[in-house]
Amino acid sequence: MDVLGIDACGKQGWVGIRLRDGVYTGSLVDVRLDVLIERAGGVAAIAVDMPLGLVEKGWRAADLKARALLGVRRSSVFLVAPRSAWLESDYVAAGDRCHEITGRRLSRQAWALAPKLLEARACWLADERIHEVHPEVCFRELAGGVPSAYPKKSWRGQNARRRLLAEAGLVLPDELGEADRVPVDDVLDAAAAAWSAHRIALGIAGRIPAAPEVDVDVEGRVIEIRY
């Protein structure tokens, strides 16, 4: 059974880690998410580290719950603004709209992800194999419910995350092929997403929150973080 885990990686676009029966089989990098998914072929499940479902007002319950679970790593989960804020043309307008609806402005970090968020959302709405994940939630589960003590860009943090993946059977080789040119933290995040995609395909993945919200645009598509 083949699955794919994906993370955004700046100007390079997207990095994908592919597994077969939970074991690493290769990497893909592409500037377009839809092209990367097409190149991966007939995988059973796809997990993407990017917010996918949107609400009409307020903050997503998935993000609030994930932040509560992650403790020292809670800042890695940004609060996703309601849909209308993402449709604005610039940061100031998006911030104003977000403040109008939620009482709080959209962060610049969140707005910087707007193009990729909308790109990923379009793929999600068109492909039911795609699921939202958050790597720090995945690594917390891999560590037995304990959030990582070290940031993902730190030496100790990266070694700890690679070790957790290896202990779960996902051994990343020293030579990755296409992903060799991608920052290490993005590769590790994509691998954690792939670990979750395998669990999703097996029907054993967890979900946050337990009672998910429904997407504002598509009835039946729920807003949840899988792990």
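Given the structure is predicted, the values throughout are model-derived calculations rather than measurements. (Residues numbered from 1 in each chain as written. Predicted model: local features only at pLDDT ≥ 70, side-chain atom pairs only at ≥ 80, totals over all residues. Heavy atoms only, no water.)

## Regarding helix H1 (residues 33-40)
Part 1 of the reasoning: Turning to H1, its buried residues are Leu33, Leu36, Ile37 and Ala40. Buried residues in H1, looked at end-on, bunch into an arc of 95°, giving them a common side.
Part 2 of the reasoning: Packing partners of the buried residues in H1 comprise strand E1 (2-8), strand E2 (14-20), strand E3 (23-30), strand E4 (45-49), helix H6 (114-126) and strand E5 (130-132). (Buried < 20%, exposed > 50% of the residue type's maximum accessible area, 1.4 Å probe, protein only. Helix = DSSP H or I, 4+ residues; strand = E, 2+ residues; numbered from the N terminus. Arc of directions from axis to C-beta. Contact = heavy atoms within 4.5 Å.)

## Side note on the pairing of E4
Part 1 of the reasoning: The element E4 is largely enclosed, with a buried count of five among its five residues.
Part 2 of the reasoning: Burial of the side chains of E4 extends over both faces: Ala45, Ala47 and Asp49 are buried on one face and Ile46 and Val48 on the other.
Part 3 of the reasoning: As judged from the five bridges shared by E1 and E4, these two strands associate in the parallel manner. Within the sheet, the bridge partner assigned to Gly5 lies in E4 and is Ala47.
Part 4 of the reasoning: Summarising the sheet, E4 and E5 pair through three bridges and their orientation is parallel. Looking across to E5, one finds that Val48 is bridged to Glu132. (Pairing = 2+ DSSP bridges.)

## A short note on the pattern of salt bridges
Part 1 of the reasoning: For the structure shown, the criterion picks out 20 salt bridges.
Part 2 of the reasoning: A salt bridge links Arg97 to Glu100, with the shortest nitrogen-to-oxygen separation between them at 2.9 Å. Taken together, the residues span about one helical turn, with Arg97 and Glu100 both in helix H4 (residues 91-102) at a distance of three residues.
Part 3 of the reasoning: Residue Arg97 is classed as partly exposed on the basis of its relative accessible area, which comes to 26%.
Part 4 of the reasoning: With a shortest N-O distance of 4.0 Å, Glu141 and Arg199 are connected by a salt bridge. Here Glu141 is found in helix H7 (residues 135-142), whereas its partner Arg199 is found in helix H9 (residues 184-202), with 58 residues between them in sequence.
Part 5 of the reasoning: Glu141 gets classed as partly exposed once you look at its relative accessible area, which sits at 30%.
Part 6 of the reasoning: Its relative accessible area of 15% is what places Arg199 among the buried residues.
Part 7 of the reasoning: Within the structure, one salt-bridge network assembled from shared partners comprises Arg83, Arg121, Asp215 and Asp217. (Salt bridge = Lys/Arg side-chain N within 4 Å of Asp/Glu carboxyl O.)

## Digging into the environment of His131
Part 1 of the reasoning: If you trace the backbone, His131 turns up in strand E5.
Part 2 of the reasoning: When the C-alpha positions of His131 and Glu224 are compared, they lie 8.3 Å apart, and in sequence the two are 93 residues distant.
Part 3 of the reasoning: Beyond its immediate chain neighbours, meaning those up to four positions away, His131 contacts Ile46, Ala47, Val48, Leu52, Ile200 and Arg226.
Part 4 of the reasoning: Here Arg129 takes part through its backbone oxygen, which lies 3.4 Å from a polar atom of the side chain of His131. (Polar contact = N/O pair within 3.5 Å; in protein donor to acceptor, adjacent residues only side chain to side chain.)

## Let's talk about the nonpolar core
Part 1 of the reasoning: Counting residues in each nonpolar core, the largest one holds 39 residues, and the members touching the most others are Ile17, Leu165, Leu170 and Leu172.
Part 2 of the reasoning: Put simply, the parts of the chain that give this core at least two residues each are E2, E3, E4, helix H2 (61-70), H7, helix H8 (155-167) and H9.
Part 3 of the reasoning: If one sorts the elements of this core by residue count, H9 sits on top with 10 residues.
Part 4 of the reasoning: Contact partners of Leu170, with chain neighbours within four places excluded, come to Leu19, Gly22, Tyr24, Leu165, Ala191 and Trp195.
Part 5 of the reasoning: With 34 residues, the next largest nonpolar core counts Ala8, Leu106, Leu117 and Trp124 among its residues. (Core = buried A, V, L, I, M, F, W, Y, C linked by side-chain atoms within 4.5 Å.)

## Concerning the packing of aromatic side chains
Part 1 of the reasoning: According to the stated counting rule, one finds one aromatic pair in the structure shown.
Part 2 of the reasoning: A ring pair is formed by Trp86 and Trp111, whose centres lie 6.3 Å apart and whose planes are at 15°; its orientation type is stacked. You can see Trp86 sitting in helix H3 (residues 83-86) and its partner Trp111 sitting in helix H5 (residues 108-112), a full 25 residues away along the chain.
Part 3 of the reasoning: For Trp86, a relative accessible area of 2% puts it in the buried group.
Part 4 of the reasoning: Residue Trp111 is classed as buried on the basis of its relative accessible area of 17%.
Part 5 of the reasoning: Looking at Lys116, its charged tip hangs above the ring of Trp14, at a distance of 5.9 Å from the centre.
Part 6 of the reasoning: The ring of Phe139 has Arg161 lying over it, and the distance from NZ or CZ to the ring centre is 5.7 Å. (Phe/Tyr/Trp six-rings, centres within 6.5 Å; stacked < 30°, edge-to-face > 60°. Lys NZ or Arg CZ within 6 Å of the ring centre and 35° of its normal.)

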